[in-house]
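# Topology and contacts: notes
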Amino acid sequence: MKVLKVDPIRNGTVIDHIPAGRVQRVLAILKPRSTDIVMMGMNFSSKAMKKKDIIKIEGRELTQNEVNSIALVAPKAKVSIIRDFKVAQKSKVEIPEAIVGLVECPNPKCITNAEPMTTVFKLESGEDRQLACQYCERVFTADEMKHL
Amino acid sequence: MNNLISMRDLSADKILQLLKLAESLEKNPNQIDLSRRVMAALFYEASTRTRMSFESAMKRLGGEVIAMVGTAGTSVEKGETLSDTARVMARYSDIIVMRHPNEGAARYVSEQVDVPVVNAGDGANQHPTQSLLDLYTIIRSQGTLEGLNLALIGDLKYGRTVHSLAYALAPFKPEFTFVSPKSLQMPKHILSDLRKMGIPFKEKTKLEKTVKDADIMYVTRIQRERFPDREEYEKVKNAYIITAEMLTNVKDNMKVLHPLPRVNEITTDVDDTQYAYYFDQAENGVYMRQAILATLLGEAK
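Please read these numbers as outputs of a predicted model, since none were measured by experiment.

## Focus on the overall build of chain A
In terms of regular secondary structure, chain A is built from two helices and eleven strands. Secondary structure of chain A in N-to-C order comes out as β-α-β-β-α-β-β-β-β-β-β-β-β. The buried share of chain A, taken over its 148 residues, is 30%. Across chain A, every contact between residues at least 6 apart in sequence was considered, and the portion connecting residues at least 24 apart equals 60%.

## Thoughts on the overall build of chain B
Tallying secondary structure elements over chain B gives nine helices and nine strands in all. Counting over 301 residues, chain B shows a buried share of 45%. Relative to all contacts within chain B whose residues are 6 or more apart in sequence, the contacts with residues 24 or more apart total 74%.

## Quick look at the pairing of strand E9 (residues 130-133) of chain A
All names here are of chain A. Side chains Leu131 and Cys133 of E9 all project onto a buried face; the interleaved residues Gln130 and Ala132 project onto a face where none is buried. Sheet topology note: the strand E8 (residues 120-125)/E9 ladder contains four bridges and is antiparallel. Bridged to Leu123 within E9 is Leu131. Direction of pairing for E9 relative to strand E10 (residues 139-141): antiparallel, over a ladder of three bridges. Each bridged residue has a counterpart across the sheet, and for Ala132 the counterpart in E10 is Val139.

## Some points on the domain arrangement of chain B
Residues and elements named next belong to chain B. Per the domain assignment, the segments making up chain B are domain 1 (7-125 + 285-296) and domain 2 (128-282). The gap between the C-alpha centroids of domain 1 and domain 2 is 26 Å. On the side of domain 2, 15 residues touch domain 1, which itself brings 16 residues to the contact. Elements supplying a minimum of two residues to the side of domain 1 that touches domain 2: helix H1 (12-27), strand E4 (117-122) and helix H9 (278-296). Grouping the constituent residues of the side of domain 1 that touches domain 2 by class yields twelve nonpolar, two polar and two charged.

## Comments concerning the pairing of strand E7 (residues 201-204) of chain B
Residues and elements named next belong to chain B. Bridge count between strand E6 (residues 175-179) and E7: four bridges; the pairing is parallel. Bridge assignment links Phe176 to a residue of E7, and that residue is Phe201. As for the winding sense of the linkage, the β-α-β connection from E6 through helix H7 (residues 188-196) to E7 is right-handed.

## As for helix H3 (residues 82-92) of chain B
Residue and element names in this part refer to chain B. Among the residues making up H3, those that are buried are Leu82, Thr85, Ala86, Met89 and Ala90. Axial view of H3: buried residues confined to an arc of 140°, hence all on one face. Against the buried residues of H3 lie strand E1 (38-43), strand E3 (95-100) and helix H4 (105-112).

## As for the sheet that holds E4 of chain B
All names here are of chain B. An order of E2-E1-E3-E4 is seen for the four strands of this open sheet, with the pairing classed as parallel. Strands at the two margins of the open sheet, each flanked by one partner only, are strand E2 (64-69) and E4. For this sheet, the mean angle separating the axes of adjacent strands, direction not counted, is 10°. By the bridge criterion, five bridges tie E1 to E3 in an arrangement that is parallel.

## Regarding the environment of Arg60 of chain B
Residue and element names in this part refer to chain B. Of note, Arg60 is situated in helix H2 (residues 49-60). By the C-beta count within 10 Å, which is 17 here, Arg60 ends up partly exposed. Sequence spacing of Arg60 and Ile32 is 28 residues, and the spatial spacing of their C-alpha atoms is 9.7 Å. With residues up to four places along the chain from it excluded, the contact list for Arg60 reads Pro29, Val286 and Gln290.

## As for the packing of H2 of chain B against H9 of chain B
Residues and elements named next belong to chain B. Put simply, H2 and H9 touch, their axes get as near as 8 Å, and they point 60° apart. The orientation of H2 relative to H9 falls into the category oblique. Viewed along their axes, H2 and H9 form a crossing whose handedness is right-handed. Along its contact with H2, which presents Ser53, Phe54, Ser56, Ala57, Met58 and Arg60, the element H9 presents Gly285, Val286, Arg289, Gln290 and Leu293. Split by residue class, the contact of H2 with H9 holds five nonpolar, four polar and two charged.

## A look at the interface of chain B and chain A
Accessible area lost upon the coming together of the parts is a frequently used measure of interface size. Taken residue by residue, the interface counts 13 residues in chain B and 14 residues in chain A. When contributions to the side of chain B that touches chain A are tallied by element, the ones reaching two or more residues are H3 and H4 of chain B. Top contributing element to the side of chain B that touches chain A by residue count: H4 of chain B, with three residues. Among the residues making up the side of chain B that touches chain A, the classes are represented as three nonpolar, seven polar and three charged.

Rules and cut-offs
- Residues numbered from 1 in each chain as written.
- Chains lettered and ligands numbered in written order.
- Predicted model: local features only at pLDDT ≥ 70, side-chain atom pairs only at ≥ 80, totals over all residues.
- Helix = DSSP H or I, 4+ residues; strand = E, 2+ residues; numbered from the N terminus.
- Buried ≥ 20, exposed ≤ 12 C-beta atoms within 10 Å, placed from the backbone.
- Contact = placed C-beta atoms within 7 Å.
- Pairing = 2+ DSSP bridges.
- Domains from an automatic or database assignment.
- Nonpolar A, V, L, I, M, F, W, Y, C, P; charged D, E, K, R; others polar.
- Right-handed = clockwise from strand over helix to strand, strands pointing away.
- Arc of directions from axis to C-beta.
- Axes fitted to C-alpha atoms, helices over the stretch in contact; angles between N-to-C directions.
- Parallel < 35°, antiparallel > 145°, perpendicular 65-115°, else oblique.
- Left-handed = near helix turned anticlockwise from the far one by under 90°.

Written as structure tokens, this is what we have:
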């Protein structure tokens, strides 16, 4: 018999296949509203990833934009929109073409670290998860980035 | 063209248009009138050459210049943000020319103000007016940008001008020889970009053998500060000095370029040879900057 460790949700979003240990970073990006009911699972066993984290959000369907913004920390995440206990829509995350106000520029001499302003990164290569700062023009991999 | 921030924003067509206008302005400086236009020079870092050549360019076209040079005694010292300073300057002027130690500063300012912004150097990032005047100098001295053999010599690791020159020439099928001490070689990511674009290059540590095939020798200064070890610097510092004696076996059309200031990397006896072109290069900066100012102020015909 299959044992469910986390209650199923009636309506909302499930984010599966988050790399173990990154669930809090994903939550920090999604910034749940005070009315959202959120379930968080850590270190579940997974065939593909050995260990993984999961998030379920009751009563909120994430937009594609919100989904994509977690791609930087969870590039292999799978997102399911749940309606009446059934998977209504399943999608993979994809790093968006422009990442606005989400991550800090690792270049200490970049103007974004000197002025009160919003960072903007452009996707340089999706495969290597490389992002170019719109301001200092340097290219970094997603793992070098610190989330704001 | 609304601003000039980075060479990456310029198409080959736009570059050729600016080169053409610079040439036309060199021949006939009176064709464009920028009288009653004001250029604000916003220089957070000292620079004599770039700033004065911009001032000369603006004034020779009849325009006026206001300037902030260095931050001492200005509102910047009181803690004003770059955005506020720039927005005020934009109210005083028709175009902003700026140099700033932070990379990306000019791009940011261009998003904050309604007047055109010219990047006159943002940290180690871009210095597009230098790249354009280098291109103008090369086309003026060689008659073409296509298929040239260029030796870039000296500090290729930190030299911003040689980095952008490599990219700026890329569409014109160049062949490069990079001559530098091992510790100051061209950065790997630039070499990998050149490989991707199919541009042939050689890396050398010795100067002598590269000289005879070159159409252009682009010389940069090796700075003592770049060497953690004084001994290491002493070993290499004289290995990249161009002397008149070395230039006996070169192509007739070969020209020596240098962004200046030089210290000792080109001996003064080279100045009297037909190969010296660095002072012409400095003069070309004025024509190129005239072309840039006129274009951005909507006066280019």
